[in-house]
Amino acid sequence: MIDTTYAPDLVEEAVLLAERTVPGDAIHGFRRERNAVYDIADPERRDAAFREAHLRWFVRLGLHRPVEEAIEERAELSGRVAQVRVLRALTRQEEGADLFDRALPDAAGRRQPLLALRLRPSLLLDAEPLRALLRHELMHVADMLDPAFGYERILPPSDDGPSADNIARDRYRVLWDSTIDGRLARVGLAHPNARAARCREFAATFSMLGDHAGRAFDEWFDRIVPTHQAVAAFALNPPGPLGDHRGGTGRCPLCRFPVASLDRHPERLTAAARSLIEREYPSWSIDRGLCPQCLDLYEAQHVSHNCAS
C-alpha cells in the first residue's frame, strides 16, 4: 500500500460533518473527547491534540477507506508513486488528482513523484460518488505514469493565439476523459450513464464532425490502448466533413480550428466581449463571425475579468 496522508483541515471538517450525519452510536464519545482538548493550556500541544483526535475518529469512522481502496485498485501505481497526499478542495471544480516531482530522491535513490488528491470534505461521507471520482482521476494518473501512453503535460502551442490553445486543451480533455470512462466501463467500474454523458459532451465539443460525431466517439470510447500522441493529434486537428461557413474558409477566423458552421447569431456577443476580441484580433470584425466555442470563451473571459475587478 502506498503511504497515504491526509491534510488536517480535511480530516477535521470531514469528522465534524460526520458528527451531524452518522448514527449516534458510531460517533458517541467524539464530542466529549474533543471538548477535553480545550483544557490543554499550551497552544502547540492543544493543536497537536486536536489533530490527533480528529485523525483517530477519521479512521474509526472509516472515512479513509474508499480513498485507500481506490488507490489499491490501481496496482500499477505501486512502485511509481512515492506518496499520496489527500488535500482539502474548496469547490467541486478543484477536486481531482495531479502529480508533483519530489524535491529529493527516496532512500533507494528514486525520484518518484508525489500524488496529490484534492477532495471536498463532504465527498468523504458519500462513498459511491467518491469512488467514481477517484477511479476516473486515478486512471488519469496511471496514464500519466505509463510510458506506453507517452503523456506530455503541455500541448504544442498554436500559431493562432491563446483562444486556439484553450480550445485544443478542452478537446484533449474531452477525448482523454472518453477513453478513461470507456476503459472503466469495460471492467464494470464506470457509472451506468457514463457512455451517454460522454457522448453528449463529445458531440458538443466536436460539432465540426456533424453526423459523424457518434461514430468517432464510439471509436475513442472503445479504444483499448489510447496514447497521448493520438489524442493530441485528434484534438489539434479533428478530421471530418465541413459544412457551410461564413466566408467559406471552413475555419473559425479566431481560433482557426475546422468547424461545421460558425455561430448563427454572433450579434449576441456583448459589447465588452466584442471589445476583448478586437483587442486580441485587430483585423476581426463581427461580420466575419466566430465559432460557438470562441463566443462562449470570450463571454466567459469578460465575466471573469469583471469578477476579478
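The structure under discussion appears in the preceding block.
The model shown is predicted, which means the values in this text are computed figures rather than measured ones.

A. Up close: the pattern of salt bridges. Tallying each qualifying case throughout the model produces 21 salt bridges. Where Asp177 meets Arg173, a salt bridge forms, and the shortest distance between an N and an O atom there is 3.5 Å. Remark: Arg173 and Asp177 occur in helix H7 (residues 162-186); sequence separation between them is 4 residues, near one turn of the helix. Given the relative accessible area of 34%, Arg173 is considered partly exposed. When salt bridges that share partners are traced, they join Asp170, Arg173, Asp177, Asp181, Arg198 and Glu201 into one network.

B. Molecular detail of helix H6 (residues 127-145). For H6, with 19 residues, the first-to-last C-alpha span of 26 Å sits near the 27 Å given by 1.5 Å per residue. Most of H6 sits out of view: 14 of its 19 residues are buried.

C. Inspection of the packing of aromatic side chains at higher detail. One pass over the structure, following the stated rule, counts 12 aromatic pairs. Where Phe30 meets Trp57, the ring centres are 5.8 Å apart and the plane angle is 75°; that geometry is what we call edge-to-face. You can see Phe30 sitting in helix H3 (residues 30-37) and its partner Trp57 sitting in helix H4 (residues 43-60), a full 27 residues away along the chain. One exposure class covers both Phe30 and Trp57, and it is buried. The rings of Phe202, Phe206, Phe217, Trp220, Phe221 and Phe234 are connected pair by pair, giving a single aromatic cluster.

D. Here's a closer look at the sheet that holds strand E2 (residues 83-88). If you walk across this open sheet you meet the 4 strands as E1-E2-E4-E3, and the pairing is mixed. Every interior strand has two partners, whereas the edge strands, strand E1 (4-6) and strand E3 (96-100), have only one. Between one strand axis and the next, the sheet turns through 20° on average, direction left out of account. Here 5 bridges tie E3 to strand E4 (residues 114-119), and the two strands are oriented antiparallel to one another. Residue Leu99 lies in a different strand from E4, and its bridge partner there is Leu115.

E. Highlighting the environment of Thr4. Structurally, Thr4 can be placed in strand E1. On the basis of relative accessible area, Thr4 is assigned to the buried category, the value being 14%. With 180 residues separating them in the primary sequence, Thr4 and Leu184 have C-alpha atoms 24 Å apart. Residues in contact with Thr4, not counting those within four places in the same chain, are Glu68, Ile71, Val84 and Val86. A polar side-chain atom of Thr4 sits 3.0 Å from the main-chain carbonyl oxygen of Ile2.

Definitions and limits used
Residues numbered from 1 in each chain as written. Predicted model: local features only at pLDDT ≥ 70, side-chain atom pairs only at ≥ 80, totals over all residues. Heavy atoms only, no water. Salt bridge = Lys/Arg side-chain N within 4 Å of Asp/Glu carboxyl O. Helix = DSSP H or I, 4+ residues; strand = E, 2+ residues; numbered from the N terminus. Buried < 20%, exposed > 50% of the residue type's maximum accessible area, 1.4 Å probe, protein only. Expected span 1.5 Å × (residues − 1). Phe/Tyr/Trp six-rings, centres within 6.5 Å; stacked < 30°, edge-to-face > 60°. Pairing = 2+ DSSP bridges. Axes fitted to C-alpha atoms, helices over the stretch in contact; angles between N-to-C directions. Contact = heavy atoms within 4.5 Å. Polar contact = N/O pair within 3.5 Å; in protein donor to acceptor, adjacent residues only side chain to side chain.

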